[in-house]
Amino acid sequence: MQLQNSYIFLPNPYKKNDIQQKKQDNVIYVPTDDSFVSCLRSAFPNAIRDADHSLLFKSVYFFNFENKGISCEVKFLINSVVKTYYLDVIVSGKSRTQIVKALEQIQTTIENSSISKNYIEIISYDAISEYYCNKIYPKLNELERNLRKLLFNIYVVNFGLDYYRTTVSGELQSKIKGIINVDGKSDREKLRNIYKVSNKEVDEIARWQRFFYSFEFGDIQKLLFSKGWTNEDEQAKSRFLEKNKDLSQLTDDELRIAFCKYTPMSDWERFFKSKISGLDAERIIEEIRKSRNNIAHCKFFYRAEYESCSSAIHILNRALISAIKITENQDFSDKNSEYIKNALSGALETIGQFTQSISDMVKPALQSMGKIAETVSHYFEVYQKLDFSGYYKIFEGLLTPLALSDNSDSVEERAKPTDEIPNSDDKQ
């Protein structure tokens, strides 16, 4: 296995030339050879020239690197072009870790040698930074995806389809919309075919889907830590000021409560602080942001920066995972409870209105039936109190003469029972 660092060394135009000094004994001290090869061999005295592979403007040197348990083979490939030198440091070893440690020590030696005095060093290929970038990238990748998930979860659960409009500044919205419009051109047709919508609606769907994907770390810092008022805050503040036009009439406690309630807040304070306590998030995110720029753009990224950034990523990522769990276990349940409560409240209000409507319709009929019942009850009571015995005697007196006027039979005869029953023969 081998890795390679590549350098370019330009002659230093600001080099301070040594002045020849004449001593009392008339001896002139001539400065040492400042050629690049001489400086390099002085820094690495064990390097041996490979005559078989060296040419007029090309030199090859090699040596065995042994230091603190590290054992590697090193080759210097030097190309000279006029007064400029191109150096490839090729290191072979058993493991990538050992090779990188050897490259680190070689680079430190070069920087501390006379080469730096005589030449301007350019690192054209940095295998050391490549190693540490590759090593930290999976950690940074996981961190950014967890951070994005938390942002989507919290903003969507609080604001739904308006999640990117409610607390995000107009300036930041415009910037992100512009990025999405540029990046999303190739996917417009795909979204249009999936959702069967117009171009304007495609734009809106793309924003919902990709808003936080278009953020840089600096944008996230602005979103989370810039203080301000939401539209709801502004409305609440306006209602308070309208109600309390003379603030001098309020007590100190009332003013203190109002100040705390209506003071500008950052989204971190609104949504995240309660879930990620005891963490200087702003400082940690800034620390990661500085390193992230170097990692994302393949710039210089060495051991010390790697260790610092890795520690910050670990701390923040652990806090993000915890916050995601709190959001999904608590905020989701709270939002569902609020929804159910509002739904039931609306249903009960509808039922109450319907019941009142039925009551209003039936009430007149019930009142009429009540009056009828009262009237019937009254006359029934009067009827029960009447004495009909006199009427019975009058009717009896009137009926008796009518009965006596019947000529066929007397009353006694009509009332007399028949003793003989005719048989069938008599009828015939």
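Basis of the calculations
Residues numbered from 1 in each chain as written. Predicted model: local features only at pLDDT ≥ 70, side-chain atom pairs only at ≥ 80, totals over all residues. Heavy atoms only, no water. Helix = DSSP H or I, 4+ residues; strand = E, 2+ residues; numbered from the N terminus. Buried < 20%, exposed > 50% of the residue type's maximum accessible area, 1.4 Å probe, protein only. Contact = heavy atoms within 4.5 Å. Phe/Tyr/Trp six-rings, centres within 6.5 Å; stacked < 30°, edge-to-face > 60°. Disulfide = S-S within 2.5 Å. Pairing = 2+ DSSP bridges. pLDDT = per-residue confidence, 0-100.

Describe the environment of Gly228, listing the residues and the values that go with them.
On the secondary structure map, Gly228 appears in the loop between helix H8 (217-225) and helix H9 (231-243). Since its relative accessible area comes to 22%, Gly228 is described here as partly exposed. With 60 residues separating them along the chain, Gly228 and Val168 place their C-alpha atoms 9.9 Å apart. For Gly228, the contacting residues outside a window of four places in its chain are Pro264, Met265 and Arg270.

How would you explain the packing of aromatic side chains if you had to name every residue and give the values?
Within this structure, the stated rule accounts for 28 aromatic pairs. On the numbers, 5.4 Å between centres and 40° between planes, the contact of Tyr132 with Tyr306 is tilted. Taken as a pair, Tyr132 in helix H4 (residues 127-159) and Tyr306 in helix H13 (residues 303-385) lie far apart in primary sequence, 174 residues in all. Tyr306 gets classed as buried once you look at its relative accessible area, which sits at 8%.

An account of the state of the cysteines is requested, with residue identities and associated values reported.
Where two cysteines share a covalent bond between their sulfur atoms, that bond is called a disulfide. Under the definition given, this model contains zero disulfides. Note on Cys133: no disulfide assigned, nearest cysteine sulfur contributed by Cys298 at a separation of 6.2 Å.

So what about the sheet that holds strand E5 (residues 84-92)? Which residues, and what values?
Spatial strand order, E2-E3-E4-E5-E1-E6: six strands in an open sheet with antiparallel pairing. If you trace the sheet from one side to the other, it starts and ends with strand E2 (48-49) and strand E6 (119-125), each paired once. Of the strand pairs in this sheet, strand E1 (residues 2-11) and E6 are connected by six bridges, and their pairing is antiparallel. When the sheet's bridge partners are listed, Phe9 is paired in E6 with Glu121.

Let's hear about the confidence of the model for the protein chain: which residues, and what values?
Residue-level pLDDT values for the protein chain average 82, and 76% of them are 70 or greater. Across the protein chain, the secondary-structure element scoring lowest on mean pLDDT is helix H16 (residues 424-427), at 46, and the one scoring highest is E5, at 97. Residue range residues 414-428 is modelled with pLDDT below 50. Its contacts to residues more than four positions away, or to other chains, number three contacts.

Outline the pairing of strand E3 (residues 58-67), supporting the account with residue identities and numerical values.
Note: E2 against E3, two bridges, orientation antiparallel. Residue Ile48 lies in a different strand from E3, and its bridge partner there is Phe62. Two strands pair when backbone bridges link them, and E3 and strand E4 (residues 70-81) are joined in this way by ten bridges, in the antiparallel orientation. Residue Glu66 lies in a different strand from E4, and its bridge partner there is Ser71. Following E3, the chain reverses through two residues before pairing antiparallel with E4; Lys68 in that reversal takes a positive phi of roughly 50°.

So what's going on with unusual backbone geometry? Which residues, and what values?
Phi is positive for Lys68, which is not a glycine, with a value near 50°. Note that Lys68 resides in the loop between E3 and E4. In this structure Lys68 comes out as exposed when scored by relative accessible area, which is 78%. Here Lys196, not a glycine, exhibits a phi torsion of approximately 55°, which is positive. Along the chain, the position of Lys196 falls in the loop between helix H6 (188-195) and helix H7 (199-210).

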